[in-house]
2 protein chains.
Amino acid sequence: MANIAKKVSWSGRGDDRGESTPLLNGTEDGKYNRQDIVRSRPKEIPHNEKLLSLKFESLDYDNSENQLFLEEERRMSHMSFRCLEINRWVICGLIGFFTGLIACMIDIAVERLAGYKYFAVKQNIEKFTEFGGLSISLILWAVLNSAFVMVGAIAVAFIEPIAAGSGIPQIKCYLNGVKIPRVVRLKTLVVKVFGVICSVAGGLAVGKEGPMIHSGAVVAAGVSQGRSTSLKKDFKMFEYFRRDTEKRDFVSAGAAAGVSAAFGAPVGGVLFSLEEGASFWNQMLTWRIFFASMVSSFTLNFFLSIYHEKPGDLSSPGLINFGRFDTDSLQYNLYEIPLFIIMGALGGILGALFNLLNNWLTIFRIRYIHRPCLQVMEAMLVAAVTATVSFAMIYFSNDCKPLGQDHTEEYPLQLFCADGEYNSMATAFFNTPERSVRSLFHNPPGTYNPVTLGVFALAYFLLAVWTYGLTVSAGVFIPSLLIGAAWGRLFGILMSVIARSSSISANPGKYALIGAAAQLGGIVRMTLSLTVILVEATGNVTYGFPIMLVLMTAKIVGDYFVEGLYDIHIKLQSVPFLHWEAPATSHWLTAREVMSSPVTCFNRVEKVGTIVDVLSNTSTNHNGFPVVTHTTVHDEPGKICGLILRSQLIVLLKHKVFVERASSRLIQRKLQLKDFRDAYPRFPPIQSIHVSQDERECMMDLTEFMNPTPYTVPQETSLPRVFKLFRALGLRHLVVVDNENRVVGLVTRKDLARYHMGKDGLEELHLAQM
Amino acid sequence: MANIAKKVSWSGRGDDRGESTPLLNGTEDGKYNRQDIVRSRPKEIPHNEKLLSLKFESLDYDNSENQLFLEEERRMSHMSFRCLEINRWVICGLIGFFTGLIACMIDIAVERLAGYKYFAVKQNIEKFTEFGGLSISLILWAVLNSAFVMVGAIAVAFIEPIAAGSGIPQIKCYLNGVKIPRVVRLKTLVVKVFGVICSVAGGLAVGKEGPMIHSGAVVAAGVSQGRSTSLKKDFKMFEYFRRDTEKRDFVSAGAAAGVSAAFGAPVGGVLFSLEEGASFWNQMLTWRIFFASMVSSFTLNFFLSIYHEKPGDLSSPGLINFGRFDTDSLQYNLYEIPLFIIMGALGGILGALFNLLNNWLTIFRIRYIHRPCLQVMEAMLVAAVTATVSFAMIYFSNDCKPLGQDHTEEYPLQLFCADGEYNSMATAFFNTPERSVRSLFHNPPGTYNPVTLGVFALAYFLLAVWTYGLTVSAGVFIPSLLIGAAWGRLFGILMSVIARSSSISANPGKYALIGAAAQLGGIVRMTLSLTVILVEATGNVTYGFPIMLVLMTAKIVGDYFVEGLYDIHIKLQSVPFLHWEAPATSHWLTAREVMSSPVTCFNRVEKVGTIVDVLSNTSTNHNGFPVVTHTTVHDEPGKICGLILRSQLIVLLKHKVFVERASSRLIQRKLQLKDFRDAYPRFPPIQSIHVSQDERECMMDLTEFMNPTPYTVPQETSLPRVFKLFRALGLRHLVVVDNENRVVGLVTRKDLARYHMGKDGLEELHLAQM
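These lines cover the structure that appears in this document, whether it is placed above or below. Note that the structure is a prediction, hence the values are computed from the model and not measured.

A word on the environment of Leu68(B)
Residues and elements named next belong to chain B. Tracing the sequence through the fold places Leu68 in helix α4 (residues 67–75). Taking the C-alpha atoms as reference, Leu68 lies 53 Å from Ala464; in sequence the two are 396 residues apart. With residues near it in sequence (within four places) discarded, Leu68 still touches Lys670, Leu671, Gln672, Leu673, Phe676, Glu704 and Phe705.

Concerning the pairing of strand β10 (residues 624–628) of chain A
Residue and element names in this part refer to chain A. Among the five residues of β10, five are classified as buried, and the element is accordingly described as predominantly covered. Alternating residues of β10 divide into Gly624, Pro626 and Val628 and Phe625 and Val627, and every residue in both groups is buried. With two bridges joining them, strand β8 (residues 602–603) and β10 adopt parallel strand pairing. Residue pairing in the sheet places Asn603 in a bridge with Val628 of β10. Strand direction decides the pairing type here: β10 and strand β11 (residues 640–645), joined by five bridges, are antiparallel. By the bridge assignment, Pro626 is partnered in β11 with Leu643.

Some details on the pattern of salt bridges
Residues and elements named next belong to chain A. Across all of its chains, the model carries 64 salt bridges over all chains by this definition. Measuring nitrogen to oxygen at the nearest pair gives 3.6 Å for the salt bridge that ties Asp751 to Arg754. The exposure classification of Asp751 matches that of Arg754, with both residues buried. Within this structure, Glu85, Arg88, Arg243, Glu246 and Arg288 form a network of salt bridges that share partners.

Here's the deal with the sheet that holds strand β11 (residues 640–645) of chain B
Residues and elements named next belong to chain B. Ordered by their spatial adjacency, three strands build an open sheet running β8-β10-β11, and the pairing between neighbours is mixed. Strands with a single pairing partner mark the edges of an open sheet, and in this sheet they are β8 (602–603) and β11. Against the sheet, helix α26 (residues 646–654) contacts β8, β10 (624–628) and β11, and its axis sits at roughly 75 degrees relative to β11.

Points about the interface of chain A and chain B
Tallying the contact residues gives 87 residues for chain A and 88 residues for chain B. The contact between chain A and chain B buries some 8,000 Å² in all, and 66% of this surface belongs to carbon and sulfur atoms. At the boundary of chain A and chain B, one finds four salt bridges. Asp62(B) is the partner of Arg721(A) in a salt bridge, and the nearest nitrogen-oxygen pair spans 3.0 Å. Linking chain A with chain B are 20 residue pairs in polar contact (both at pLDDT 80 or more).

Here we look at helix α17 (residues 450–467) of chain B
Residues and elements named next belong to chain B. For α17, spanning 18 residues, the distance from its first C-alpha to its last is 25 Å, which sits close to the expected 26 Å at 1.5 Å a residue. Those residues of α17 that sit buried are Thr452, Leu453, Phe456, Ala457, Ala459, Tyr460, Phe461, Leu463, Ala464, Val465 and Thr467. The backbone nitrogen of Val451 lies 2.9 Å from a side-chain oxygen of the residue at the head of α17, namely Asn449. Where α17 terminates, the next one or two residues include Gly469, which has phi positive at roughly 115 degrees.

Some details on the relation of the copies chain A and chain B
The two copies are related by a screw motion: chain A maps onto chain B through a turn of 180 degrees and a shift of 0.0 Å along the axis, at an RMSD of 0.0 Å. Viewed as a symmetry operation, the transformation between the two copies matches a two-fold axis. The fraction of interface residues of chain A whose copies in chain B are also interface residues reaches 100%, indicating that both copies meet through the same surface.

Some thoughts on the sheet that holds strand β15 (residues 743–748) of chain A
Residues and elements named next belong to chain A. Strand order in this open sheet of three strands is β13-β14-β15, and the pairing throughout is mixed. The open sheet has two edge strands, β13 (712–714) and β15, and neither has a second partner. The mean angle between the axes of side-by-side strands here comes to 30 degrees, regardless of whether they run parallel or antiparallel. Here five bridges tie strand β14 (residues 733–737) to β15, and the two strands are oriented antiparallel to one another. The partner of Val735 across the bridge, within β15, is Leu746.

Basis of the calculations
- Residues numbered from 1 in each chain as written.
- Chains lettered and ligands numbered in written order.
- Predicted model: local features only at pLDDT ≥ 70, side-chain atom pairs only at ≥ 80, totals over all residues.
- Heavy atoms only, no water.
- Helix = DSSP H or I, 4+ residues; strand = E, 2+ residues; numbered from the N terminus.
- Contact = heavy atoms within 4.5 Å.
- Buried < 20%, exposed > 50% of the residue type's maximum accessible area, 1.4 Å probe, protein only.
- Pairing = 2+ DSSP bridges.
- Salt bridge = Lys/Arg side-chain N within 4 Å of Asp/Glu carboxyl O.
- Axes fitted to C-alpha atoms, helices over the stretch in contact; angles between N-to-C directions.
- Buried area = accessible area lost by both parts, 1.4 Å probe.
- Polar contact = N/O pair within 3.5 Å; in protein donor to acceptor, adjacent residues only side chain to side chain.
- Expected span 1.5 Å × (residues − 1).
- Least-squares fit on C-alpha atoms with pLDDT ≥ 70 in both.

Here it is in structure tokens:
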């Protein structure tokens, strides 16, 4: 899913910056690369192991409470607030509805396309099994796969690279407060949905669940704004919600709705959003997010029930359904708990291995495979290899099982098996991964030969490592579950042989489930939310306790070696991601040391020319400017009286809210909040605004538009304290003042994200303009 | 559970203030009372409808980062932080373990006592059924009940009144940041556990689940501090955690562990803690809370399995077990969803009625039943009436059912039924409420006569209203579930008659479950956490969606009439409880208007006499004092340079950290953080510290001990902005400064809690010294 191959796409379009830019974030492995860097940018990056990109902007989760805003709020009656509240609920309902609909569409499309494909290949194999021209079947299969994948990869690589991968790292960053360009646009959604259908139908080792989270987020960002910039359509609705704070809340709801539709896990969805994003837990917000999740799962369920011609039978709340676990036969016993813990540890180790391999591969990709056409070719190669490996494994295994009356296989392959039997390896490969997972969970004991399982797990592990990071849109959840289910079932079989326990051998499906949880936990390292997602997908609370144990063990063991997959990809992108707390040993740092200074400040009434010059200065590219009272002494910093954002200044300049120097009492064009909202979120660049020489001499009165009460901290504040304030309130700029309230510095996201806990204590990342 | 009758106990011990004090918070209903108030305190309370008590202190969730603290933190290595982290996990494990153990103990004790009681009464009834002396049985039953309840009520009323009720409102307040005296002491725990055993065994309409939450919280507060002040034992462990911030985190874990043990709902427990308390969501904290919940549920399960002589069979994760719902027979259909919504609305209305009646009753109790002996007598009366009502209903119902082979009743009463039959009304009353709930959920269709159900629901509703608020420790969850299950089952039966639908009539248990959820949701108005708790208690995710819908409807409908039960009780106590957000229409208020001023400030180096005088001034009783730089002009406020707490000053005075005026370079006794931690949390009152006349002339240098970087806001900050900062960071004092950084006011909890949303917009509560 090519999150990192999409390095270019995270921080800016590939074509914006040209393909020849060496991608600096692939610089974690040593000397060769250092030379590489030094050669291309010898000055900028004195240390190149740890970098933090300056390309990423923060979102602004602190309302700018300027006079316009306060006046509007004060004009609003109790009733209008209630209306807003109702609007919020309506929007959440719509988010849930559309997300569910999209999930439904993806499901049906994948089901159909994969159905045609397997049917064609099966026919072909059956035809050639007798005559012995099976290589033709292999070619057919590989070509079909590659074709599907090619179409998907082309869409992603050439139209919208940000749509690659599962999108979970990007949404994590968005919820954390980092602005990832184009991540919540309509075009991204279209490419994502199309891409995921192609890549799943193309038989890659991917799932369609992860991308639902991204899709839900895009739906939310679109619906809540009541307009689409891509479609150039403004419905004049929900204008109040056109700011980062409100939008974030809805995007949380969208992500939750996505999880809910993917796994049929509304509670899990809410927890996912909270665990990954929200820093401030608000009961009403949570409840609304829950509503969106609920509607999403219900919509999917409802439409799928109609599609399956059983309207009213609400039995598929999510895209993946683990099938029904029978409570009685699957009770666990006390003596099994140590086994579960061992499996958790195993999952942690295997997950860490997965992440490590994928990390290396991603760095390789960033360095060598950054042209779109190369990316498409790699994706096609992987598709062909996947088909070949599958075919070879089916071909060489002679693991025949009798075809029972109640078999659940949709495409049982007879191949060289006797009549009335089928090849059991084929059930694992010749199927969408979702179905294979279900087979591993539920097929009766003895369905799979241990060797089959072992080989399958190994092959799929390698394929999945290779696949994650491709320029296709797809998720890693299902492959992880599949790998884990395979080795988990193998583990169960081995245990039953060792312990000669009939109760274990009777339920290999239970071990498959535990293995799946362990493997997934070891890769993604999510905690509470993943437990709930898995429990909800299982539909049975009995497994809650073992799943928790397993996920906990997997996380602890995995964290010992390497971070979670999403965090690795975020780090490789050099995103200034803020964790929950400042590093523990950072109390010796104070605001004075971490802040950026000197700060570019404006006066309360400032010359237009100065403002334009400051905004046009590309070398600094600041986004927030403290407004200070005018000081007579030139060098002395002024007292803080407000904070104004670049975006606000742009709107002011665009509307030419100037006063002439001579008569400052001249009537200003009265700006309204609406003008700011209309420009949100794509404020024009300063270069697009023409200011004449005469106008440059005018003045601008910022009093009405600046935030008069920005949060400030004294210089002596310790880093953890600054961090807490910044993170808890979702700030973008925090002004550092001395004891006279004069501005001495500004703390932004990068100043805090720079410090992190390394192996030997606190480390500082270096900043890079990329 | 007498939360409000315990008004005295919430804000201070009954005996501290004497029984004759008119209890001012029962002043919500009009004229008679107003006279009452005016007579006793004519001057203090000009408006008496809406009051906010000044008796409640805030907890301090903002670390005082003074020099001592920073020095300690800076001395600590990476390793010691890791040790701390491990300690936190160990503590959470212990919290879970002990909470589980307590739950187990309560369960076994109740089971045993109730068993003896029902056995004795059943013997007696059977003996007298033939001879016709059943009134003797009634008396036996009533006396047994009253005796149990009397013992419990005496313990609560005379030993520790705060142990009354479920304790959930108190824990909610604690997690919100309000210091409720004696709520997390060992004595409270002992009385609570003893009390709950007595009241459940005494047959009251109460459950043993709510008190588990309080018990868990007390266990957490005790274990995490590594000492018990009641037992005068200091284990010299976990000293680092002796401050409000850390303690709160552990208390959250304890509350979660309590929920988990009560309902077998570890995820629900975590959500409860977060929904009710934590303002800042931290992933590691959540994960630890989850661990505590998990251990708690597991411990209970493990020990109960041993008690039930089926070690290793982990089938009772919680005190209440809804029993196993069979997935197949209980799938819901699309057309049932409107029915569920109707039931939700019904639950909301009935819940509101419950809350309203209980509100009136509580006000009555506060006014007339505040002597402990009266309280005990009322509890005994309720116990006797409960027995009588039960008996009467069993006696007059002639609803006989054949006693099947697989009957689940433990005490089937034959009474006047034919041989081989039993009285079905008796199954509802002649049982612990937990068992009755389970019977209503699972007994096959036709077990209960509709009239039986209706009468039972009504009678139990009234009994439960009367019982909640008694001076016994007990919870409202189970009675609510029982009432709801009864009318839900009735609803299901009626629907099946109306619709002539065999699928409805086949599953009255499903409607019982939905009814139970609706009734409970209508009373307590919890949202996400309650959904998860119920789903986990049911053990089946299938019901997730309908339960959500029902709880949502119940909440919306219920909120239209009156608040949730816990919120009502918190309000009746005049607790300065901070909700999630400032009232929507409060943007026109600024810090200048809400702050308290003038503020008592200290100089950086202050005369001991001044400090002692300020601290001894009982009319102000401030807890936090801004420290300012000395100003020459007398009236002008000084520039802020720190904030110091009363508790810190007391420790300083106690250790006589004085410098003489003449030679201020004299060696001060070096204080350490340990000295502050040892005094935490029961700092001695100022009166206990003797300061001689000579010492009064000495000076105290506060520089090292004050928090040098308190959070400040400018005067123009709007109330919602102040509120957000205050709430998100869990502050106790927020200093308001002018643009020269001079202290102009102080915002504390009461200043923010004062404003709330009334029917006609923003209302302001009045403050009262009570």
